[in-house]
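Here are the chains, one letter per residue:
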Amino acid sequence: LLHGPFLFLYTKSVIELNSIKIKSLFHFLPFTLAFLSIIPFLWLTKQEKIVIYQSGGQGYHMLKTLILIGVILSGVIYIILTINFLVKHISLMSKSNSQSSYLGWIFKLIIGLSLIWMMVILADEKYVFYAVVIFVLFIGYYGIKQLGIFTNQPQLIFPIESQTMSYTESLQVN
């Protein structure tokens, strides 16, 4: 329930300057609701949790099913939202190789998470864990190469042309 919102908000923050606002917290509402719904289980004693586990989750089947459906829907919906956001931005920006190569990093993240979600839905749990390990290694390797993470270089921000100001317009604002 957190991967999708984080991917979407990361993509939005890379593309649009000052795009993360307080209303962005609504993206974390499903996670918050799921967490609040399991608090009664978390407050049980160790022995009570063991009994529930041994009984196959008796009394928690509906909650478990709702959370599972929410997790899968969240993953799929946020992948689609992020792709749509990125495609709209690319169609509005001028054709620049530096921008396209930098946005390629985000496409790689989207493809990686998409593959993991497909495996969650279609594959055995063991293969999902393998995919996640490979994805984390991928993020570690390619993430270090991104500007602004381990260097003093600022991150590249790609404003949409219709929202940019000329130099003289920016002087008038100040």
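Residues numbered from 1 in each chain as written. Predicted model: local features only at pLDDT ≥ 70, side-chain atom pairs only at ≥ 80, totals over all residues. Heavy atoms only, no water.

> If you had to explain the overall build of the protein to someone new, which residues and values would you point to?
Summing up its helical and strand segments, the protein has seven helices and zero strands in all. Start at the N end of the protein and walk to the C end: the helices and strands fall as α-α-α-α-α-α-α. Counting every position in the protein, which comprises 174 residues, the buried fraction comes to 25%. The long-range fraction of contacts in the protein, counting pairs at least 24 apart against all pairs at least 6 apart in sequence, stands at 65%. Accessible area of the protein: about 12,300 Å², with a carbon and sulfur share of 70%. (Helix = DSSP H or I, 4+ residues; strand = E, 2+ residues; numbered from the N terminus. Buried < 20%, exposed > 50% of the residue type's maximum accessible area, 1.4 Å probe, protein only. Contact = heavy atoms within 4.5 Å. Areas by Shrake-Rupley, 256 points an atom, 1.4 Å probe, with all protein chains shown as cover.)

> Can you explain the confidence of the model for the protein? Please cite residues and give values.
Looking at the protein as a whole, the pLDDT averages 80, with 78% of positions reaching at least 70. Per-residue pLDDT, averaged within each element of the protein, yields its smallest value for helix α7 (residues 167–173) (50) and its largest for helix α2 (residues 29–42) (93). Low pLDDT (under 50) marks residues 157–164, which in the prediction has 17 contacts with non-local residues, meaning those over four places away or in another chain. (pLDDT = per-residue confidence, 0-100.)

> Mind laying out the packing of aromatic side chains, listing which residues take part and the relevant values?
The tally for this structure, following the rule as stated, stands at seven aromatic pairs. Here F135 and F138 contribute two aromatic rings whose centre-to-centre distance is 6.2 Å and whose plane-to-plane angle is 20 degrees, an arrangement assigned as stacked. Of this pair, F135 and F138 both sit in helix α6 (residues 125–144), three residues apart, which is roughly one turn of the helix. Of the residues examined, F135 reaches a relative accessible area of 12% and is grouped as buried. Ring pairing ties together the aromatic residues F8, Y78 and F85, which thus form one cluster. It is K49 that lies over the ring of F41; its NZ or CZ is 5.9 Å from the centre. (Phe/Tyr/Trp six-rings, centres within 6.5 Å; stacked < 30°, edge-to-face > 60°. Lys NZ or Arg CZ within 6 Å of the ring centre and 35° of its normal.)

> Account for a nonpolar patch on the surface, naming residues and giving values.
Residues F26, L29, F31, L33, F35, L36, L42 and W43 make up a contiguous nonpolar surface patch of roughly 890 Å² in combined accessible area. With respect to the element layout, L36 can be found in helix α2. (Patch = residues over 30% accessible without salt bridge, like charges linked within 9 Å, V, L, I, M, F, W, Y side chains within 5 Å. Salt bridge = Lys/Arg side-chain N within 4 Å of Asp/Glu carboxyl O.)

> Pulling in residues and values, what's your account of the side chain of T82?
Along the chain, the position of T82 falls in helix α4 (residues 61–92). A distance of 2.7 Å separates a polar side-chain atom of T82 from the backbone oxygen of Y78. Dropping the residues within four chain positions of it, T82 is found in contact with L7, F8, T11 and I110. (Polar contact = N/O pair within 3.5 Å; in protein donor to acceptor, adjacent residues only side chain to side chain.)

> An account of the side chain of S74 is needed here, citing residue identities and associated values.
Inspection of the secondary structure puts S74 in helix α4. Contact partners of S74, with chain neighbours within four places excluded, come to L1 and P5.

> Could you give me a rundown of the packing of helix α1 (residues 3–15) against α4, with the residues and numbers involved?
Two numbers describe how α1 lies on α4: the axes approach to 8 Å, and their chain directions differ by 15 degrees. On the basis of their axis angle, the class for α1 and α4 is roughly parallel. Seen from above, α1 lies across α4 with left-handed handedness. Residue-level inspection shows G4, P5, L7, F8, T11, K12 and I15 of α1 in contact with α4, the latter providing S74, Y78, I79, L81, T82, F85, L86 and H89. For the contact of α1 with α4, the class distribution of residues is nine nonpolar, five polar and one charged. (Axes fitted to C-alpha atoms, helices over the stretch in contact; angles between N-to-C directions. Parallel < 35°, antiparallel > 145°, perpendicular 65-115°, else oblique. Left-handed = near helix turned anticlockwise from the far one by under 90°. Nonpolar A, V, L, I, M, F, W, Y, C, P; charged D, E, K, R; others polar.)

> So, the nonpolar core: which residues are in play, and what are the values?
Counting 21 residues, the largest nonpolar core has L7, I79, L86, L103, I106 and I110 as its most contacted members. With eight residues, the top contributor of residues to this core is helix α5 (residues 97–122). Leave out the neighbours within four places in its chain, and I79 touches L7, I110, L113, S114 and W117. (Core = buried A, V, L, I, M, F, W, Y, C linked by side-chain atoms within 4.5 Å.)

> Got a sec to walk through the environment of I20? Specific residues and values, please.
Within the element layout of this structure, I20 appears in the loop between α1 and α2. The partly exposed category is assigned to I20, whose relative accessible area is 44%. Once the C-alpha coordinates of I20 and L9 are considered, the two residues, eleven residues apart in sequence, prove to be 7.1 Å apart. The contacts of I20, once residues within four sequence positions are left out, are L9 and S13.

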